[in-house]
Each structure stands twice: as C-alpha cells, then as structure tokens.
Amino acid sequence: MVNTTEKGNTNKIELIQVEPEVKVKGFIPENLSKITLTSELSEIQSRIIRLKSGDKYLSLSEKDKNIVSKFELGFEKISKQELLADDEIILSGHELVEFSNTLDEDVFRYLIYRYKYNLYPKLKIVDDYPPCVQIEPVSTCNFRCVFCFQTDASFNQKKNGHMGRMDLGLFKETIDELEGNVEAITLASRGEPLLHKNFGEMLEYMNGKFLAVKINSNASLLTEKLIHTVLSNDVQTMVFSIDAADKDLYEKLRVGGNFETTLGNVKNYQKIKSESYPNSNIITRISGVKVNEMQKMDEMVDLWKPYADLVAFTNYSPWISSYDNPVNEIEAPCTELWRRIFVWWDGRVNPCDYDYKSYLSEWDMKDNNISEIWNSDNYNDMREMHLNSKRSNLNPCRSCIST
C-alpha cells in the first residue's frame, strides 16, 4: 500500500496546477479526440426517420415518442443554425461514437436514455429511477493518484470502515431491481473494480440486461483472462484511466502505477480485441484527469490512438480534500441529484462520490430499494435545498464546485 508522505503532499501541490471555480459535467471539446469515424448529424436524422416505420418505434409509449421528437426537432434546428429550446437535444461528442455502434434495434432505447441522462438534470425531472447507477464492486484501490481521495488516510485505512468488496448476492439483487428500469450501469466508483475476485461473474450476470454498461479501470490488473472476460461479455464502454503519455509524468500522477505495465496491458487488450473479437462493438476510451499543462492532448492522442476509439481529459474537481475545502459561493444546483446514484460495496447508497465518506447518505439497500431512495422525502429535500440556493447548508456540497 502506498502512503502519502510530506514529500508526496509537496509533489501533489506541484502537479495539480489548475484551480477551477466551477466544474461543468462532460468533456471540454478541446479535451476530447474521436479516433473512430462517426455518423454525421444528417446520417443520424436519416437513420431515425428510417427506423420510425418499424415495430420498435411503433411500440413506444407516447412519452417516449415525444422524447424521440425532441431529437428530431434538435437536428432540424441545428441544420438551420437555430437555437434549441430547453427541452430539445442533439447527440454530440462521445455520443456520436456510441450511436454509430448502436444496433438498429436499440436506437430508440439509446436516444431515450441519453435524453434522460442529459436533459432530466437540466429540466429537474425525477423519474422512478435515475438515468444512471454507479455500482462499486470494491472501494479499495492499488493506486494513490495525487488528485484522488484514496490518498486520504481517514478513508483508505481499513480500520475506518470504508474499505471492502461487494457481496455477490447484494450485487445480483441490485441488478435484478435495475433491469428494465435503468439503461446505464457503471462498474466503478471509489476503488479499482478489477480487484473484485468475482468480477467475471458480475459481468456474466449483467449480460443482455442493459444498454450502457461501462467499466472504469486503471488497467494495471488487466490480465489476459480479464481481457477475455470483458470482451466476451455485454460491455459497451471500457474506460482506461490514464493521464499522461510519458513514464515520468504518468507515475507522478498515478502513484503506485507502472507506465510500462499499463501500456503493455492496453496494447494486449487491443491485440486480443482485434484478433479474437473482430466484430466487437465495445468502445474503448483513454480518459485522464486534466490537472496541469504538462498533460498535452496531442501527445495523448499520438500515443494512445492505436488502442482507443476516444481519448479524453475529464475536468478536475478537488475531491482529495472534499471536507476541508473552503465553502464557496456557488448557488446553482448540482445536476448529479437528477442524473445518477451510487451504490457502495456495503449497500450504502450515496448521491455522489465527492462525498466519498458518505456524510450525505441516509440510505441503505438493506432497508429500501433504489427507486424508493431516489424518490424519498430525504432525497427530495436535498434537491430542494440545492434548488433554493441552500447547498451551503450541506457538507460537502458547500465546498463542491460541480453544477
């Protein structure tokens, strides 16, 4: 286990050079590079029109047909260079790659899912279930990245009760509830998911049940067996968390990581994918956290593009010190309260992972299901506080920069 030392704290200050005042969800355009060819907006429009005559569209509810119409209006207005209404939408960025990989039979499911994911938070709509659920197979991690709360000894030491692995039975119960109610499941949160000894069984149990299964991993534990496990199951997106294109910077940022090992594992993943799964539609993304100007997007693309469909930097949020950061003046509500929910390894349910020690959590899967929690009075009270510019009354919302 890597311990944070006084020298390590100094390195942290030197390496983290950005001080964002507000964090907006999604990728900044200059920090996203699409390697795979994608559909043009006109092609997406044509595809939607063609598929509307089929049974999949005709069987949609009126509510879902109305969502599809919001995409059509969005594409039409963009083609005329007109502004979109608040409830209208188009696909953009990484969604274009995802849409290109989506089978015809799943096109409307995908559009409805992306509408809920993108616009329900904006329109402040609470459905029976959140658009996305993040499930944490483990909270432990084999890295101590300088920008991550895993450097917090009050969190990463087992004696404090935050470390553990999800019971397979609890995982299956969670999946059983979400099947048919949620499209997007991300296997990751506070730890490295590949550390779970039953990770393969988890993927197998999810097969065919969701449209957008994503795994976030640091790639350090990606054995040949695990590569086959990922590629032979129903996973839509594999994200490798990598922040640099050279050994020195990578190992300073991803403390505990070895650049050659990570690069070799990703190369082997792509080799096996090409040779053994040539028809796989899985999207591979190299995604780092942008913390300084030493991280060059062009260098990232040059090194990693042979092994990925997307290369991106996510926006940095200072969650290494969530509970000690100064109270800010942000009054805008956090969109995560309408977008996703987190299920920790022990069944505790949390609104976000900026709150990595669960100060906000009042819920447990042992007492309530996800739908009940998502629509509970306590959860809605928290939303109301954000809507009424009172997030400063909530810890750690008061020091979080996400909107």
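Everything below is about the structure shown above.
Residues numbered from 1 in each chain as written. Predicted model: local features only at pLDDT ≥ 70, side-chain atom pairs only at ≥ 80, totals over all residues. Heavy atoms only, no water.

## Side note on unusual backbone geometry
What counts is decided by this rule: For the purposes of this entry, the term helix denotes a DSSP run of H or I that reaches at least four residues, the term strand denotes a run of E that reaches at least two, and both are numbered from the N terminus. Categorising residues by exposure relies on relative accessible area from a 1.4 Å probe, with only protein chains included: less than 20% of the type maximum marks a residue as buried, more than 50% marks it as exposed, and the intermediate range marks it as partly exposed.
Omega for the peptide link from Asn395 to Pro396 comes to 15 degrees, which places this bond in the cis form. With respect to the helices, strands and loops of the structure, Pro396 is situated in the segment after α15 (377-387). The phi dihedral of Ser358 falls on the positive side, at around 65 degrees, and the residue is not glycine. Mapped onto the secondary structure, Ser358 falls in the loop between β9 (348-350) and β10 (363-364). We classify Ser358 as buried; its relative accessible area is 8%.

## Some remarks on the layout of surface pockets
Inclusion rule: Using protein atoms alone on a 1 Å grid, points that fit a 1.4 Å probe yet trap it form a cavity, whereas open point sets bounded by protein on both sides within 12 Å along at least five of seven lines form a pocket; residues with an atom within 4 Å of a point count as lining. Grid points are joined across faces, edges and corners, and a volume is the space filled by probe spheres set on the points. Just so you know the grouping, Ala, Val, Leu, Ile, Met, Phe, Trp, Tyr, Cys and Pro go in nonpolar, Asp, Glu, Lys and Arg go in charged, and all remaining residues, Gly too, go in polar.
Put simply, the second largest pocket is a space of about 580 Å³. As for the second largest pocket, its lining consists of 24 residues, and the residues nearest its centre are Asp64, Ile112, Lys116, Gly180 and Glu183. With 6 residues, helix α6 (residues 107-123) is the single largest residue contributor to the lining of the second largest pocket. Residue classes in the lining of the second largest pocket are distributed as 10 nonpolar, 4 polar and 10 charged.

## Side note on empty space enclosed by the protein
Under the definition given, this model contains 1 cavity of 30 Å³ or more. If you add up the space inside the largest cavity, you get close to 40 Å³. For the largest cavity, the full set of lining residues is Asp243, Ala244, Ala245, Asp246, Leu249, Met294, Gln295, Lys296, Glu299, Met300 and Phe313. Split by residue class, the lining of the largest cavity holds 6 nonpolar, 1 polar and 4 charged.

## A word on the packing of helix α10 (residues 224-231) against helix α12 (residues 259-276)
This is how the line gets drawn: Simply put, an axis is a line fit to the C-alpha atoms, just over the touching stretch for a helix, and the angle between two N-to-C directions goes from 0 to 180 degrees. Put simply, angles under 35 degrees are roughly parallel, angles over 145 are roughly antiparallel, angles from 65 to 115 are roughly perpendicular, and the rest are oblique. Handedness of a helix crossing follows the sense of rotation of the near helix relative to the far helix, less than a right angle counterclockwise being left-handed and clockwise being right-handed. Every residue pair with non-hydrogen atoms within 4.5 Å of one another is taken to be in contact.
At their nearest, the axes of α10 and α12 sit 10 Å apart, and the two run at 50 degrees to each other. Comparing the axis directions of α10 and α12 gives the class oblique. Considering the relative orientation of α10 and α12, their crossing is right-handed. Of α12, the residues touching α10 (which contributes Glu224, Ile227, His228 and Leu231) are Asn265, Asn268, Tyr269, Ile272, Lys273 and Ser276.

## Comments concerning α6
Which entries qualify depends on this criterion: Under the convention used throughout, the expected extent of a helix is 1.5 Å for every residue step, that is, one less than its residue count. Take the seven residues that end at a residue and the seven that start at it, fit an axis to each, and the angle between those axes is the bend at that residue.
The terminal C-alpha atoms of α6, which comprises 17 residues, lie 23 Å apart, in line with the 24 Å expected from a rise of 1.5 Å per residue. If you look at α6, its biggest bend is around 30 degrees, right at Lys116. Counting buried positions over the 17 residues of α6 gives 12, a clear majority of the element. Among the residues of α6, those classed as buried are Val107, Phe108, Tyr110, Leu111, Ile112, Tyr113, Arg114, Tyr115, Tyr117, Leu119, Tyr120 and Pro121. Lys124, located one to two residues past α6, shows a positive phi value of around 60 degrees.

## Some details on the packing of aromatic side chains
Using the following cut-off: Any two rings among Phe, Tyr and Trp, with Trp reduced to its six-membered ring, count as a pair given centres within 6.5 Å; such a pair is stacked if its planes are under 30 degrees apart, edge-to-face if over 60, and tilted if neither.
Under the criterion given, the structure shown has 19 aromatic pairs. With 5.7 Å between their ring centres and 55 degrees between their planes, Phe342 and Trp344 make a pair best called tilted. Each of the two residues, Phe342 as well as Trp344, counts as buried. Plain terms: the ring middles of Trp374 and Tyr379 are 5.4 Å apart, the flat faces sit at 55 degrees to each other, and that makes the pair tilted. Residue classification places Trp374 among the buried residues on the basis of a relative accessible area of 1%. Taking relative accessible area as the criterion, Tyr379 reaches 0% and is therefore assigned buried.

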